[in-house]
Amino acid sequence: MDVIKLLVSGVREDIHFLNTLTGFSDNKFAVIEPRDVLYLEAGPDGLMAHTKSKPYSIKETLHYYENIWAAKGFVRINKSQLVNLLHVKEIVPWFNSRYVLRMDNHAELEVSKMFSKKLRNTLNI
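Definitions and limits used
Every residue gets a number counted from 1 within its own chain, in the order that chain's sequence is written. For this predicted model, a pLDDT threshold of at least 70 governs which residues receive local features, and a threshold of 80 or more governs which side-chain atom pairs are given and counted, while totals over whole chains, interfaces and linings are taken from all residues. Side-chain measures were taken over the full set of non-hydrogen atoms in the model, leaving aside hydrogen atoms and water. The criterion for an aromatic pair is that two Phe, Tyr or Trp rings (for Trp, the six-membered ring) have centres within 6.5 Å, with stacked assigned to planes under 30 degrees apart, edge-to-face to planes over 60 apart and tilted to the rest. Think of it in three bands: with a 1.4 Å probe and only protein chains considered, a residue is buried below 20% of the maximum accessible area for its type, exposed above 50%, and partly exposed in between. Counting from the N terminus, the helices are the DSSP runs of H or I reaching at least four residues and the strands are the DSSP runs of E reaching at least two. Only when DSSP finds a minimum of two bridges between them are two strands counted as paired. Criterion for a salt bridge: a side-chain nitrogen of Lys or Arg within 4 Å of a carboxyl oxygen of Asp or Glu.

Undergrad: Go over the packing of aromatic side chains with me, naming the residues and quoting the values.
TA: Tallied over the entire structure, the rule returns five aromatic pairs. A centroid spacing of 4.8 Å and a plane angle of 55° characterise the contact between Phe 24 and Phe 29, whose relative ring orientation is tilted. Residue classification places Phe 24 among the partly exposed residues on the basis of a relative accessible area of 34%. Residue Phe 29 is classed as exposed on the basis of its relative accessible area of 64%. Each ring, one from Trp 69 and one from Phe 74, has its centre 4.9 Å from the other, and the planes form 45°; the classification is tilted. A residue is classified by how much of its surface remains accessible, and Phe 74, at 4% relative accessible area, is buried. Taken together, the aromatic side chains of Tyr 64, Tyr 65, Trp 69 and Phe 74 make up a single cluster linked through ring pairs.

Set out below in structure tokens:
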């Protein structure tokens with residue numbers, strides 16, 4: 001009964017939940033720290049949180065994490081991706097004021113022209 005009261009009371013507003021996310025993979029839920037997330041990506045299957053080990057499906061929106069995790073080093077790089085700057089290994093200048101970010105897990109993410117200025121301002125480049 002106490003568990004139900006806790007869930008109904010709005011525990012999602014607690015600061016602990018602003019500092020974590022709950023992901024779903026392999027028929028299991030996992031609580032993930034922001035520092036473990038390389039990037040978030042919106043796609044046809046919903047929002048995915050990519051970690052070094054595997055991707056997790058999550059329920060919240062990209063806009064939600066863009067707002068609450070900006071102070072943790074997360075930056076929007078295009079309309080469907082939010083990247084954790086702590087996991088960026090290289091920033092490669094690309095065509096038409098764009099950049100390619102090479103991540104810890106060897107993924108390459110493209111920064112769109114619209115978001116490249118915000119990235120430059122954030123990193124002072």
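The rest of the description comes next.
Undergrad: Provide a residue-level description of the pairing of strand β10 (residues 108-111), including the pertinent values.
TA: Of the two faces of β10, only the one carrying Leu 109 and Val 111 is buried; Glu 108 and Glu 110 on the other face are not. When strand β9 (residues 99-103) meets β10, the two strands line up antiparallel, connected through four bridges. Paired with Leu 101 across the bridge in β10 is Leu 109. Adjacent in sequence and paired antiparallel, β9 and β10 are bridged by four residues, among which His 106 carries a positive phi angle near 70°.

Undergrad: How would you summarise the pattern of salt bridges if you had to cite specific residues and measurements?
TA: Overall, the coordinates contain eight salt bridges when judged by the stated rule. Close ionic contact of Asp 104 with Lys 52 constitutes a salt bridge, the shortest N to O distance being 3.9 Å. Within this pair, whereas Asp 104 is found in the loop between β9 and β10, its partner Lys 52 is found in the loop between β4 (46-51) and β5 (55-58), the two being separated by 52 residues in sequence. With relative accessibility at 24%, the residue Asp 104 sits in the partly exposed group. Judged by its relative accessible area of 58%, Lys 52 is exposed. A salt bridge links Arg 102 to Glu 108; its shortest N-O distance comes to 2.8 Å. Taken together, the shared-partner salt bridges connect Glu 66, Arg 76 and Lys 118 into one network.

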